[in-house]
Each structure stands twice: as structure tokens, then as C-alpha cells.
Amino acid sequence: MTASPVQTSHTRPRTIAYIVGSARSGSTLLGMLLGNHPECFAMGEMDSLGSYLSRAKSPNALCTCGRMLDECPFWKAVLVRAQELLKETGIAQDLAMLRERPLNRQYGTGLFDTNIHGFHPSWIHTAMHRAALLAATSLPHCASRLTLRRFGGRYRKAAENSLFWYGIISQVSERPVVLDCGKGVLRMLALGACAPGPLKVIHLIRDGRGQAASMKRATRQDVATSARRWVRGNRRIMRMYGRMDASNVCRVSYEALCRDPRATLEVLYAFLGCRAFHEGEWQRALTLEKTSSHMLGGNPMRFRNDERTIAPDERWRDELSEDELRRFQNVKGAREMLELCR
Ligand SMILES: [Zn+2]
């Protein structure tokens, strides 16, 4: 029997690391900084791979180096290696052919279907996604595992496909740690269930008042609603990784990262099993070299090449009124959660 490409052990990275957290938590910034370590490759968001490879020439489909994937030297090498690997393992799949097939909206096809979160082509997909997430995160552990096993085939498939690509990314970049900045909790669960080794989870938490101000700006969402969602989302994440081995989980705050990036990164390097830096390496480690990184998806700051230093976004201090701040803090659980963001 021919081995499946996702089962070939020589393509596995030593460590798969995953950033989990709410939207607008600073995961692009953290990913970019961790990707400055010579042992860690920050690939951006694996959920986006299929849509990036679709033929749409959209500015949203640019790698951080500023090129389309077809023109980016790194992703081109990844595609070539994938093709070679498929031949070696006897899998009769032609990547070029797969890519030519029309994509089902934002979903990829075959091995390019790595999308666990977002971009649902119909309300049925959205409803199924919500049901799976609810089952996985609300039911007792054994029941949620059973539900995912029985009904979560699509998520498992997308996670297995992701493992295939993480392996190739590790090989081509020659870095043993591959970092996915995806943020979603369902991907964390699906990877945790499928990854051959321990999944290293980084919970990135950001002061919810920053997220509330950002939502107010974008959608005029009420701060109390933002606060409730922020508390609920982070509680759900914590409940989920509470089931994991504590040595595979590390929580960091956006505020601590911006205040003392070096101290935060030192903790994370050790957590990921990466060597410590010597003094002379730190300046480069703390500089945002956007044109030389190759991340998919994330915050638009990834394209602003003039922003090369770490500048915390604390606009909420000016944008939220005293009344709004009070209403935020009065939401049940908000004060305790804010304590974690110091
Ligand atoms: Zn690139």
C-alpha cells in the first residue's frame, strides 16, 4: 500500500507551534518577531493557503515579501518540493492540475484544502462550523472528541493537509519549528488531535479595551458587547488548552510583548525549544524585516515597510470614554481577564 503524503515521517517539523487568541490580538506582530529566530519559520495563517493559491490576483493574496505566491521564491520552492514529494510517495496527484481546478469559493481543493476557519461559502457551512465548534468546546472532553471524530471529518482532513504543508515548509526553510498564526480554537483542537508530536500552543491575549476600540471604529459595536465576546472567547480558549499538558501551553500578553519584547521572546524561545540568542543577535531579532519574511494572511501592518520597530497600539486610551471604560469593566469576568494582560 502506498503511504499517504501526510504519513511520511521525514517531512515532519520537529515542532508545530500555533498562536491561539482573539482577532486583533497582535498575532502578526508576534509571528513576525518569532520568525526572526533562525530555528523558527512563521508561515502566517495556514487557513489561507488555499485561497492564496487560487488564481485571483488580489492584493490580499500577497506574501509579506510583496509578491504573489507564484513569484515568491520561498513559496515557489514549497510548491516544487510538494510536487516532488507526491511523486516519491506515488500519489497520483498533479499540483498544477489541482490548482487549475476551480476553487469552491475560498476553499482549496485536495491537498490545498487547509481551511478550518472562516470563508464559509454558504450558510450551511457556517452553521456546521458553529455546531462543530460548540460541540468541541462545550461538551465534556470524551463527548466532544467523539463528536469531532464522527462529524468533524472535514476539519480533520484540513488538519492532516496542514501537517503535510508544515512538513514541507520546515524542509524548505530548513527550520525545525513551524509557526502558524491562525488564532482559531477549532484549528488548535484539530491539530492537537492529528499532530504526530506535541502541539505547542501560544495563547496571545490582548487587553480587550484595545479590541473594543477597534470594533467600535470598524463596526460601531458597543463596548459592553465587545467585552462579553472577549471574555467568552478567551475563557473558551483557556478551557480547551486546560485539557492539554501544561508544558505545551504558554500564555503571553500583547502588552507585555510590546513593553519588553526581549523578555517575552526569551520565554517563547525556551518554550519552543529554540536556542537562546547572544547579545549581538538581539537588534536584528527585534527589527521587523517584512520584505524578507514570507507570511500568509494577517494584519495589514505586515506590508507597511516603514514600520520596523515595535509600536504598541493603545489608541483605546483616547478613543474610549470614561463611561465606556466603566461599562467594559462591569462586564462579568472582564476585570479578572484584564489582570492577565499586564
Ligand atoms: Zn514571499
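The structure we're discussing is the one just above.
Cut-offs used in this document
Residues numbered from 1 in each chain as written. Predicted model: local features only at pLDDT ≥ 70, side-chain atom pairs only at ≥ 80, totals over all residues. Helix = DSSP H or I, 4+ residues; strand = E, 2+ residues; numbered from the N terminus. Buried ≥ 20, exposed ≤ 12 C-beta atoms within 10 Å, placed from the backbone. Contact = placed C-beta atoms within 7 Å. Expected span 1.5 Å × (residues − 1). Axes fitted to C-alpha atoms, helices over the stretch in contact; angles between N-to-C directions. Parallel < 35°, antiparallel > 145°, perpendicular 65-115°, else oblique. Left-handed = near helix turned anticlockwise from the far one by under 90°. Nonpolar A, V, L, I, M, F, W, Y, C, P; charged D, E, K, R; others polar.

Q: Give me the lowdown on the overall build of the protein chain, citing residues and values where you can.
A: A count of helical and extended segments in the protein chain gives 16 helices and five strands. Taken over 342 residues, the protein chain has a buried fraction of 42%. Within the protein chain, contacts between residues at least 6 apart in sequence are counted, and of these 77% link residues at least 24 apart.

Q: Which residues make up helix α9 (residues 208-219), and what values go with them?
A: Compared with an ideal rise of 1.5 Å per residue, which puts 12 residues at 16 Å, α9 spans 16 Å between its outermost C-alpha atoms and is within 8% of the ideal. Buried residues of α9: G208, R209, G210, Q211, A212, A213 and M215, and no others. In this fold, the buried residues of α9 make contact with α10 (223-241), α14 (316-319), α15 (322-329) and α16 (334-339).

Q: Describe the environment of W165, listing the residues and the values that go with them.
A: Relative to the elements of secondary structure, W165 occurs in helix α7 (residues 153-173). With residues near it in sequence (within four places) discarded, W165 still touches M46, L49 and T114.

Q: Kindly report on the environment of F328, identifying the contributing residues and their values.
A: If you trace the backbone, F328 turns up in helix α15. Residues F328 and V223 lie 105 residues apart in sequence; the distance between their C-alpha atoms is 6.0 Å. Here F328 is in contact with R209, A212, V223, A224, A227 and A334, once residues within four sequence places are set aside.

Q: Please give an account of the packing of α10 against α15 that cites residues and values.
A: With their axes 8 Å apart at the nearest point, α10 and α15 run at an angle of 30° to one another. Classified by the interaxial angle, the pair formed by α10 and α15 is roughly parallel. By crossing handedness, the relation of α10 to α15 is classed as right-handed. Where α10 abuts α15, its residues V223, A224 and A227 lie against E324, R327 and F328. Among the residues making up the contact of α10 with α15, the classes are represented as four nonpolar, no polar and two charged.

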